Amino acid sequence: RTKEKGRKMADKLKKLGGKVGLTQDLETLSEIKATGFIELYAYFFDLPSRYLPMLREYYTLWEKLRVCCGLQMSKYWRYELNHSTWNQKLDPHPFCGSPDIDAGGEG
């Protein structure tokens, strides 16, 4: 979603009596990246700074799982797993073939 759609949704929820303290949209996320996202959440939830390394590790691993597994899988990795169903040839995915999920995502 865009920032504008996020604001409109927040306004709609507020009009219905909901409390909206934080919104998340893809436009902002692409600007602030994972580091900004983590800092934003830590600030919003008033988390002590000692939690930031743990959050960074969690979201780094989550990003690998999100891109390499499930519904949000990268089209490049999907092609590598099942290229017979594609009409076009795609470049290899930069990292999905290397992480060992069971070992914490290290290749």
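Residue positions within a chain follow its written sequence, with the count starting from 1. Per-residue local features are limited, in this predicted model, to residues with pLDDT of at least 70; the limit for side-chain atom pairs, both in listing and counting, is 80 or more; totals at the level of whole chains, interfaces and linings are taken over all residues. With hydrogens and water set aside, each side-chain value is computed from the structure's full complement of heavy atoms.

Only runs of H or I of at least four residues qualify as helices and only runs of E of at least two qualify as strands under DSSP, and these elements are numbered from the N terminus. Secondary structure assignment for the protein yields 4 helices and 0 strands. Put simply, the protein runs from its N terminus to its C terminus through helices and strands in the order α-α-α-α. Based on C-alpha atoms, the radius of gyration is set beside the globule rule, defined as 2.2 Å times the residue count to the power 0.38. Since a compact globule built from 107 residues should have a radius of gyration of about 13 Å, the 18 Å found for the protein marks it as more spread out than a globular shape. Taken along its principal axes, the extent of the C-alpha atoms in the protein is 50 × 35 × 20 Å. Only protein chains enter the calculation, and the probe is 1.4 Å; a residue is then buried if its accessible area is under 20% of its type maximum, exposed if over 50%, and partly exposed in between. Across the 107 residues that make up the protein, the buried fraction comes to 19%. When checking whether two residues touch, look at their non-hydrogen atoms; a contact exists if any pair is within 4.5 Å. Long-range pairs, those at least 24 residues apart, make up 24% of the contacts in the protein with a sequence separation of at least 6. Counting every atom, the protein has about 8,500 Å² of accessible surface; 56% of that belongs to carbon and sulfur. Surface exposure here means Shrake-Rupley accessible area, sampled with a 1.4 Å probe, where a residue is shielded only by the protein chains that are shown.

Position of aspartate 25 relative to the elements: it lies in the loop between helix H1 (3-15) and helix H2 (26-44). Contact partners of aspartate 25, with chain neighbours within four places excluded, come to Arg1, Thr2 and Lys3.

The relative placement of two aromatic rings is captured by the distance of their centres and the angle of their planes. Any pair of Phe, Tyr and Trp rings, taking the six-membered ring for Trp, is counted once the centres come within 6.5 Å. Such a pair is stacked with planes under 30 degrees apart, edge-to-face with planes over 60 apart, and tilted for the rest. Following the criterion strictly, the structure yields 5 aromatic pairs and no others. An angle of 45 degrees between the planes, with centres 4.6 Å apart, marks the rings of phenylalanine 37 and tyrosine 41 as tilted. Residue phenylalanine 37 and its partner tyrosine 41 are both found in helix H2; the two are separated by 4 residues, about one turn of the helix. What makes phenylalanine 37 buried here is its relative accessible area of 12%. Relative to phenylalanine 45, the ring of tyrosine 41 lies with its centre 5.9 Å away and its plane at 55 degrees, an arrangement referred to as tilted. Here the aromatic cluster, defined as three or more aromatic residues joined through ring pairs, consists of Phe37, Tyr41, Phe44, Phe45, Tyr58 and Tyr59.

Looking now at H2. A helix is expected to span 1.5 Å multiplied by its residue count minus one. With 19 residues, H2 ought to run about 27 Å at 1.5 Å a step, yet its terminal C-alpha atoms sit only 18 Å apart, falling short of that. At every residue, the bend is computed as the angle between two fitted axes, covering the seven residues ending there and the seven beginning there respectively. The largest bend along H2 measures about 105 degrees and falls at lysine 33. Among the residues making up H2, those that are buried are Gly36, Phe37, Ile38 and Ala42. Where H2 is buried, its residues contact helix H3 (52-68). Definition of a polar contact: a pair of N or O atoms within 3.5 Å, with one able to donate and the other able to accept a hydrogen when the atoms are protein atoms, and with sequence-neighbouring residues admitted only if both atoms are side-chain atoms. With a side-chain oxygen positioned 3.2 Å from the backbone nitrogen of glutamate 27, the residue opening H2 is aspartate 25. Count one or two residues on from H2 and you reach aspartate 46, which has phi positive near 55 degrees.

What follows deals with the confidence of the model for the protein. Looking at the protein, the pLDDT average stands at 82 and 91% of residues meet or exceed 70. Looking across the protein, the model is least confident in helix H4 (residues 75-81), with a mean pLDDT of 76, and most confident in H1, with 92. A residue's pLDDT is the confidence the predictor assigns to it, expressed on a 0 to 100 scale.

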